[in-house]
Every structure is written in structure tokens, then in C-alpha cells.
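Descriptive structure summary
Below are the chains, spelled out letter by letter.
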Amino acid sequence: MILHARAWVLLALGFCYAARGDEECMVPHPSNENWTLEGAELQYKLLRFYQNQGPPPLEEVFLSTQNLTTEVQEKLMGECPGLLITSFLVLAEAQLPISRRRSDEALAKADALASRLSERSYSEQAEIWPVEEALQSYRAAAAAVASGDDRERQVHMVICHCRESLDWLQGPSFYVPKKGAAVDVFIYEKCNFETNLALSQKFRSVSRIIVDDQGMRRDECSGYLRHLIDHYQDPADYTFFFQADAEDHMHFGYLSLVLKSIEQHALTSAFVHLNYPRLITSMSPCRAEVFRQLFDRYPGRNLGSYCCAQFMVSKERLLANPLERYQRMQQMLFSDSPAECHDIPGHSTLCLMFEVYWHVLFGEPDVLPLRSENSQLQLFLRIRDLENESYLPQGSMYLKLASERE
């Protein structure tokens, strides 16, 4: 492969060249004629990403590689072939954990495009575009995926439930691995409500566990902690924690990416927050004191996370905490709040505090980075927050196409 045989070092030395003129290197949106991507914009974002100074431009990469007409592809190959080659390499890495076929196709496309260039032209493009950095990143990701074993993965789905509908578990948007993973569902009933256990048709097992909140709202916390304590000796490889109204807080397309990567034995990220509303990063005396009681230290200047406590945790991260810590959290949940807190009658203040601590409990920094900026996540999970402003059309082309079923 031409990509494997050539390397260029100018980017590593800090050289950067602008993309070609304003009328060149323009990528039309595949379905919206009112939108066009400037090559210089993509070049800037790719360079920043591979210099660890910015998020990966997944949306722009997907826009640049999907539904290209022969005319558009040939025009880009004449003006800025490095744009296409680098974009297909990024695409190959992003698809690797969720569709090996699509990943291989993207890698083959990048190689075919690179093979059309002369030695000199390729070297010139490698000065301008981070082709080699993208290739090395793909290789590292492929090695990490290949290091896994073929053992069937055990998955627990923990759902804290009162009277909400659980139809979303049976809906077409909720992806369930068809191979490579065994999924057990645990419904923690907060209101002693009779749940339809016909769900077992879709999962290996469905269990219903009654949780007594002793007359006070303790929300998801009592269910989550009950599971962490009861299954500490036999945790699953991956545990998902959901509220019963899960669809109100997350995009099922993003969840399907995580589940597909488990199905492919390709998930290496140890903690993934699944929700999209971002909590304002802040601190209060109550948050600080509850944090101190839980972690035996005061938090940093601020605490920050995503809203509403839905996430995936690996077995290793779950067991990194001693059982006593989960037991302490449960005891705190059923105890009086610290003097620094102002309780809401009938509602557990401690559970409200825990909402911004779960990520810390499972090994993440006090302020959880935006997922697009979180270098601990695999590339395919580093999507931009969909509610953020962007010059691109609303929604996510990446999420729509990457989460499509084979």
C-alpha cells in the first residue's frame, strides 16, 4: 500500500500550509445544496485534532466522504487530494469498532486514491494534510481492537423504574447485540409497579427487583447502588445504567454505537456518559461536603458532567472502587443530609448531589470533558454535542450513518 510505504515529517516539525484558493477545495453537502464545506476549514480542524488541540471533525469527514459523485471526487482529487485521503483514513478508524466491512472499504478507498498520486504529489499533500498522522492513528486503533479476545461479553442493563413506559426497550431505535454479547436486564422497581416481562424475548434474561425507598424520592440512586452492591462479586464486562425515561435524555443512535462496538468486541473505552444535555459546571458548599464524605477529599474548583445519570461502566472501573464505597453511598442516601445542604421536602438531596459525581466515582476527572474533547474516548464516540451551534445543518450525519444497521 502506498500509504504504508511513505512518511513525511514536516508536520511534526510544525509546518503548515493553507489549502488552495477560495474557489477550490469546496465540498458540497451530499443532500443539501445550500451547504458547502470549505477545505481550509476541514484542514484546520484535522491539523488541530492530530496536534491534540481540538476535537475530531467527524461531521465534516462524513460530509466529505458520503455520496460523492464522480465529478466531485475528480474535482477534489485535482485540487486537494489530501483532503479525500485523510478523510477516508479518519472514516476507516471511526468505523473500525462498529463495522469492520465499512472500515475496510474506507481504508481501501484511501489507498486507491493515494495510489493515483506520484511520489512528489503525495509528498506535497503530506505537507499540507495530516495523512501520515491519520494512518498512524488508524493503526493504533486497529491494534487495540485486535488485542481483544473472542469471549462472549456479559452486559447488564440496570433500569430504575416507577410507572414509566418501558416500550423504548422494545422499539426499533433500541439496538440489542445479536452476537458476541449476552444482555441481562435488571428492572429496579421503585413503586412496586408490575412490569411486563415479555421483554425477555429480546434479552437473555429480565429480572424484577423491588426497592423500598422508605417514603422518600431517592430517584435512580437507590436502584443503581443496589445493583452495584448486589453484583460486586459477579459484575458484567459492561454495565449500563438507565432511568426509565431513558429516551428523554439521550440519543439512541449514540447508545447503538456503544452496543455495536461491544458486539464487535471492539469497545476499549472504560466509561461512556450516554446523555446529551450538559450540566453547568459549578460548585456549592453542599456538593463539596458530600463529595468529601464520599471520596475522602474535597473536589477541584468545579464539578461538571452531563445531565441525568445514564452511562456505561466497564468491569475494571466498577471494581476499582472498594465495595465499602458503594455501601457508604447507600448508607448516605438513607441518612440525613450534611448541614451545608438545603433539603427539598420528600426528596433526597444526596441523590441530586450524586448526579454530578458518578463519573468521578468511575475514574473520570472532576470536570468530565465534552465527549468531542475527551481523548479517553475512542474516536467513534467523540461526536460533537448535537445541541451546540455549528455552521453545518442541524442534526448529525455521522450519527445517522454510523449507527445504521448492516
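Above this text sits the structure in question.
These lines cover the structure that appears in this document, whether it is placed above or below. If you're wondering where the values come from, they're calculated on a predicted model, not measured in any experiment. (Residues numbered from 1 in each chain as written. Predicted model: local features only at pLDDT ≥ 70, side-chain atom pairs only at ≥ 80, totals over all residues. Heavy atoms only, no water.)

As for helix α5 (residues 81-95)
As a reminder, the rule being used: Here a strand is any run of E in DSSP of at least two residues, a helix any run of H or I of at least four, and the numbering for each starts at the N terminus. Each helix should span, by expectation, one fewer than its residue count multiplied by 1.5 Å. Partly exposed describes any residue whose relative accessible area lies between the buried limit of under 20% and the exposed limit of over 50%, with all areas from a 1.4 Å probe on protein chains only and scaled to the type maximum.
Across its 15 residues, α5 extends 21 Å between first and last C-alpha, which sits within 8% of the 21 Å expected from 1.5 Å per residue. Within α5, 15 of the 15 residues are buried, leaving the element largely enclosed by the surrounding structure.

Section: the environment of Arg-325
Position of Arg-325 among the secondary structure elements: in helix α13 (residues 323-333). As a C-alpha pair, Arg-325 and Leu-294 span 31 residues in sequence and 7.3 Å in three-dimensional space.

Some remarks on the state of the cysteines
Rules: Pairs of cysteine sulfur atoms within 2.5 Å are identified as disulfides in what follows.
Counted by the stated rule, this structure contains 5 disulfides. The disulfide that involves Cys-162 links it to Cys-191, with 1.8 Å between the sulfurs. In this structure the cystine formed by Cys-162 and Cys-191 twists about its S-S bond by roughly -90 degrees; its chirality is therefore left-handed. One end of the pair, Cys-162, is in the loop between β3 (153-161) and β4 (181-189); the other, Cys-191, is in the loop between β4 and β5 (205-210), with 29 residues separating them in the sequence. Of the residues examined, Cys-162 reaches a relative accessible area of 19% and is grouped as buried. On the basis of relative accessible area, Cys-191 is assigned to the partly exposed category, the value being 25%. Numbered by position along the chain, the disulfide-linked cysteines of the chain connect as 1-2, 3-4, 5-10, 6-9, 7-8. Sulfur of Cys-160: no disulfide; nearest cysteine sulfur belongs to Cys-351 and is 8.0 Å away.

What about the packing of helix α3 (residues 58-65) against α5?
Our working rule: Working convention: axes come from line fits to C-alpha atoms, limited for helices to the stretch in contact. Angles between N-to-C directions cover 0 to 180 degrees. Note that the term roughly parallel is reserved for angles under 35 degrees, roughly antiparallel for angles over 145, roughly perpendicular for angles of 65 to 115, and oblique for everything else. Helix crossings get a hand from a simple test, with the near helix turned counterclockwise from the far one by less than a right angle marking a left-handed crossing and a clockwise turn marking a right-handed one. By the convention used here, residues are in contact when the closest approach between their heavy atoms is within 4.5 Å. In this classification, Asp, Glu, Lys and Arg are treated as charged, Ala, Val, Leu, Ile, Met, Phe, Trp, Tyr, Cys and Pro as nonpolar, and every other residue, Gly included, as polar.
At their nearest, the axes of α3 and α5 sit 9 Å apart, and the two run at 115 degrees to each other. Accordingly, the angle class assigned to the pair α3 and α5 is roughly perpendicular. Crossing of α3 over α5 shows left-handed handedness. Of the residues in α5, those in contact with Leu-58, Val-61, Phe-62, Ser-64 and Thr-65 of α3 are Leu-83, Leu-84, Ser-87, Phe-88, Val-90, Leu-91, Ala-94 and Gln-95. Residues belonging to the contact of α3 with α5 are distributed by class as follows: 9 nonpolar, 4 polar and no charged.

Considering the sheet that holds strand β7 (residues 271-273)
Cut-off, in case you're wondering: Only strands joined by at least two bridges in the DSSP assignment are considered to pair.
In spatial order, the strands read β5-β4-β3-β6-β8-β7; together these 6 strands make up an open sheet with mixed pairing. Of all strands in the sheet, those with a lone pairing partner are β5 and β7, marking the two edges. Averaged over all pairs of adjacent strands, the angle between their axes in this sheet comes to 15 degrees, without regard to strand direction. Judged from the 9 bridges that link them, β3 and β4 form a sheet pairing that is parallel. Paired with Gln-154 across the two strands is Ala-182, which belongs to β4. Most of the contacts of helix α9 (residues 219-230) go to β3, to which it runs at about 150 degrees, and overall it touches β3, β4, β5, β6 (238-243) and β8 (311-314).

Some points on the pairing of β4
Here β4 lies mainly inside the structure; 9 of its 9 residues are buried. Residues Ala-181, Val-183, Val-185, Ile-187 and Glu-189 point to one face of β4 and Ala-182, Asp-184, Phe-186 and Tyr-188 to the other, with burial holding for every one of them. With 6 bridges connecting them, β4 and β5 associate as parallel partners. In the strand pairing of β5, Glu-189 is matched with Ile-210.

Structural notes on the packing of aromatic side chains
The criterion, for reference: Side-chain rings of Phe, Tyr and Trp, where Trp is taken by its six-membered ring, are said to pair if the distance between their centres is within 6.5 Å; with planes under 30 degrees apart they count as stacked, over 60 as edge-to-face, and otherwise as tilted. Two conditions define a charge located above a ring, namely a distance within 6 Å from the ring centre to NZ of Lys or CZ of Arg, and an angle within 35 degrees of the ring normal.
Applying the stated rule across the entire model yields 25 aromatic pairs. Relative to Trp-358, the ring of Phe-354 has its centre 6.3 Å away and its plane inclined at 70 degrees; by these criteria the two rings are edge-to-face. Both residues of the pair, Phe-354 and Trp-358, belong to the buried class. Members of the aromatic cluster, connected to one another through ring pairs, are Tyr-224, Tyr-232, Phe-241, Phe-271, Phe-291, Phe-295, Phe-311, Tyr-326, Phe-354, Tyr-357, Trp-358 and Phe-362. A cation over a ring is seen here: Lys-260 above Tyr-175, with NZ or CZ 5.5 Å from the ring centre. The ring of Tyr-254 has Arg-371 sitting right over it, with the charged end atom 4.8 Å from the ring centre.

Just distances and angles here, no functional claims.
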